[in-house]
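Chains, contacts and geometry: an overview
So the chains spell out like this:
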Amino acid sequence: MNEFENKEEYTCGNPQNENTEEKTNSESTQQTAEQNPPENAASGSTGTENNTTYHYSYTSANNQNQNTYYNANPQANPYGPYRAEPVVHTENPEPKKKNRTVITLIIIFGVCAVLAIVGLFIAAAVGENNSNDNSNTTNPSAQVDTNDQAEVPEKNSSGDLTVAGVAKNVVDSCVGITVYTQATNYSNFYGYGSQNNSGEQVQSGAGSGVLMLESNGKTYVLTNAHVISDGSKFTVTLNDKTEYEAAMVGYDSQTDIGVLSINKTGLKIAEFAKSDQTVLGEQVIAIGCPGGLDFLNSLSSGYVSALARPIQSTIGYNTECIQIDASINPGNSGGGLFNMQGQVIGINSSKIAATEYEGMGFAIPSNTAVATANSLIKVGYVEGRAKLGISYKSLTSYSNASAIVNALNQLGFENASGTMVINDISNDSDLISKDIQPYDMIVAVNGETMVSTDVMTSVLAKSKPGDKVKLTIARIKNNQIDTFEIECTLIESKG
């Protein structure tokens, strides 16, 4: 076994064994190292100078491929298989590291301080430059003036009023209406309640109106029936914000027209035109109070979209209306629709209020509105209107309605869901002399099945007092439905 196979280590100086051969080899190696010091000896020292010790290791030929401390390449290590590994022993190394750390920190802080000082100088210089720039850009003599506008034309080249001209001429004829109702107090004590009318009037609604007529020290205000029908007290606000108490003259739910009056004269009365002369595509403006008096006499402009549109009133009657695309919002109801001559051609009444519809407003034609209002002022109701003289409930309001409708289907009255169940008959009705009883049902009129109550209202709207209609009556007796026909003379409706 080779004695150097385990890479035994030898140290320069006194060997541990006094072997002569080993001493000779050590001395020879030491001399070689002294004559040719390794390139990586610390600070160029050789031998044991400056506390430097050289360690040597030997690798046999059999172990040349094993990893060693240094490259085994002879060219890289001219000393052959013996390779010197310098280990530098430095006294008290820690203070040196500490000194280096302190020096590094001092340098960093110094650089930061210098940069901060430079930054301050730069900021001061920039601020001074900006100040100089501002002083250079201000100019007291460079000012913008607002000039008088050119006069807005009130008429166009054809002699018609412009929108501004119409507004100027008619806005004082337009008013806001505030509606009050009597407050009701309700007390509850262990399930037993009592209702007390305090007499206090509380605001319950708002709408718009048009000054339509002055007579006998009063001025009459045209509006919608649905604006005033539930009110017990009213005020009218003029364009100049003057407010007057108003009195109910009358209203007609069938045409949705109502009239108030105030004890004031000398106001701007609107001019009315014949609505049957209105033309499709004609420009119009609507004036009213959308949202209430906070938006008194707001104006919107548009065009006539259609004529004679059948729109159902709150009680089921159809009224042929003017369709417009001008904005109509809650509070506009009762306001005037004006043509470009400043004349009222309609009373704004409703709007299809749904997300899929926009720009669809409706106005009651002035011909209908004026005729209804004149009759309300004259006699308190609409003259010449026909009625049966009964009160009724719809068949669909009863729990057994489906069974009755099915039974009527078998009798030939298909889908008679609009059947009218008679509750009461007035003393002036022609039916009082007929064999008619409460809970008798009108299932057809003039041979047309009552698929809805609109069938009856349509017949009455086209009739006059004194006209005759044929009614088909159904009566339940002994769980059987019998039908028979009668002829009835219509009477005048007075409210």
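Since the model is a prediction, treat every value here as computed from it, not as a measurement.

1. Considerations on the environment of serine 391
Note on placement: serine 391 falls in strand S17 (residues 390-394). Judged by its relative accessible area of 33%, serine 391 is partly exposed. The sequence separation of serine 391 and isoleucine 425 amounts to 34 residues, and the corresponding C-alpha distance is 6.5 Å. Beyond its immediate sequence surroundings of up to four residues, serine 391 is in contact with Val421, Ile422, Asn423 and Asp424.

2. Some points on the sheet that holds strand S10 (residues 283-288)
Overall, antiparallel pairing links the 6 strands, which are arranged S10-S11-S12-S15-S14-S13 in a closed barrel. With strand direction ignored, the average angle separating the axes of adjacent strands in the sheet is 50°. Of the strand pairs in this sheet, strand S13 (residues 336-338) and strand S14 (residues 344-351) are connected by 3 bridges, and their pairing is antiparallel. Note on S14: the bridge partner recorded for glycine 336 is isoleucine 347. Each of S10, strand S11 (298-312) and S13 is contacted by helix H3 (residues 163-170), which is oriented at about 40° to S10, the strand it contacts most. Relative to strand S15 (residues 361-365), helix H5 (residues 366-379) is tilted by about 50°, and along the sheet it contacts S14 and S15.

3. Quick word on the pairing of strand S21 (residues 468-477)
Inspection of the sheet shows strand S19 (residues 441-445) paired to S21 by 4 bridges, in the antiparallel sense. Note that in S21 the partner of alanine 444 across the bridge is threonine 472. Sheet topology places S21 next to strand S22 (residues 480-489); 10 bridges connect them, and they run antiparallel. Counted as the bridge partner of lysine 477 is glutamine 480 from S22. A loop of 2 residues connects S21 with S22, the two strands running antiparallel in sequence, and asparagine 478 in this loop sits at a positive phi of about 55°.

4. Quick word on the pattern of salt bridges
Counting across every chain of the model gives 5 salt bridges. Across the pair glutamate 383 and lysine 378 runs a salt bridge, and its minimum N-O distance is 3.7 Å. Arginine 475 is the salt-bridge partner of aspartate 435, the closest N and O atoms lying 3.9 Å from each other. Here the residue aspartate 435 occupies a position in the loop between strand S18 (420-425) and S19, and arginine 475 occupies one in strand S21, the gap between them amounting to 40 residues. Through salt bridges with shared partners, one network takes in Asp435, Asp440 and Arg475.

5. Side note on H5
Over its 14 residues, H5 extends 20 Å from the first C-alpha to the last, a length consistent with the 20 Å expected when each residue adds 1.5 Å. Turning to H5, its buried residues are Ser366, Ala369, Thr372, Ala373, Ser375 and Leu376. Where H5 terminates, the next one or two residues include glycine 380, which has phi positive at roughly 90°.

6. Side note on the packing of aromatic side chains
As enumerated under the stated definition, the model contains 0 aromatic pairs in all. Directly above the aromatic system of tyrosine 180 lies the positively charged group of lysine 233, at a separation of 5.5 Å from the ring centroid. Lying across the ring of tyrosine 398, lysine 393 places its NZ or CZ 5.1 Å from the centre.

7. Quick look at the environment of asparagine 169
Relative to the helices and strands, asparagine 169 resides in helix H3. Considered as a pair, asparagine 169 and glutamate 154 are 15 residues apart in the sequence and their alpha carbons are 9.5 Å apart. Beyond its immediate sequence surroundings of up to four residues, asparagine 169 is in contact with Leu161 and Lys268.

8. Some details on unusual backbone geometry
Trans peptide bonds make up most of the peptide bonds, and negative phi angles are found at most residues other than glycine. Even without being glycine, alanine 308 reaches a positive phi, approximately 55°. By secondary structure assignment, the location of alanine 308 is in strand S11. According to the relative accessible area criterion, alanine 308 is partly exposed, its value standing at 44%. Of note, the phi angle at asparagine 415 is positive, near 55°, even though the residue is not glycine. Checked against the element boundaries, asparagine 415 lands in the loop between helix H6 (401-410) and S18.

9. As for the side chain of serine 300
Relative to the helices and strands, serine 300 resides in strand S11. At 3.0 Å, the side chain of serine 300 and the backbone oxygen of serine 327 are in polar contact. When residues no more than four places from it in sequence are discounted, the contact partners of serine 300 are Val284, Ile285, Ala286, Ala326 and Ser327.

10. A few points about the pairing of strand S9 (residues 257-262)
Of all 6 residues in S9, 6 are buried, a share of seventy percent or more. Residues Ile257, Val259 and Ser261 point to one face of S9 and Gly258, Leu260 and Ile262 to the other, with burial holding for every one of them. Where strand S6 (residues 218-223) and S9 come together, 5 bridges link them in antiparallel fashion. Paired with tyrosine 220 across the bridge in S9 is serine 261. Alignment of strand S8 (residues 243-252) against S9, held across 6 bridges, turns out to be antiparallel. Counted as the bridge partner of tyrosine 251 is glycine 258 from S9.

Conventions we followed
- Residues numbered from 1 in each chain as written.
- Predicted model: local features only at pLDDT ≥ 70, side-chain atom pairs only at ≥ 80, totals over all residues.
- Heavy atoms only, no water.
- Helix = DSSP H or I, 4+ residues; strand = E, 2+ residues; numbered from the N terminus.
- Buried < 20%, exposed > 50% of the residue type's maximum accessible area, 1.4 Å probe, protein only.
- Contact = heavy atoms within 4.5 Å.
- Pairing = 2+ DSSP bridges.
- Axes fitted to C-alpha atoms, helices over the stretch in contact; angles between N-to-C directions.
- Salt bridge = Lys/Arg side-chain N within 4 Å of Asp/Glu carboxyl O.
- Expected span 1.5 Å × (residues − 1).
- Phe/Tyr/Trp six-rings, centres within 6.5 Å; stacked < 30°, edge-to-face > 60°.
- Lys NZ or Arg CZ within 6 Å of the ring centre and 35° of its normal.
- Polar contact = N/O pair within 3.5 Å; in protein donor to acceptor, adjacent residues only side chain to side chain.

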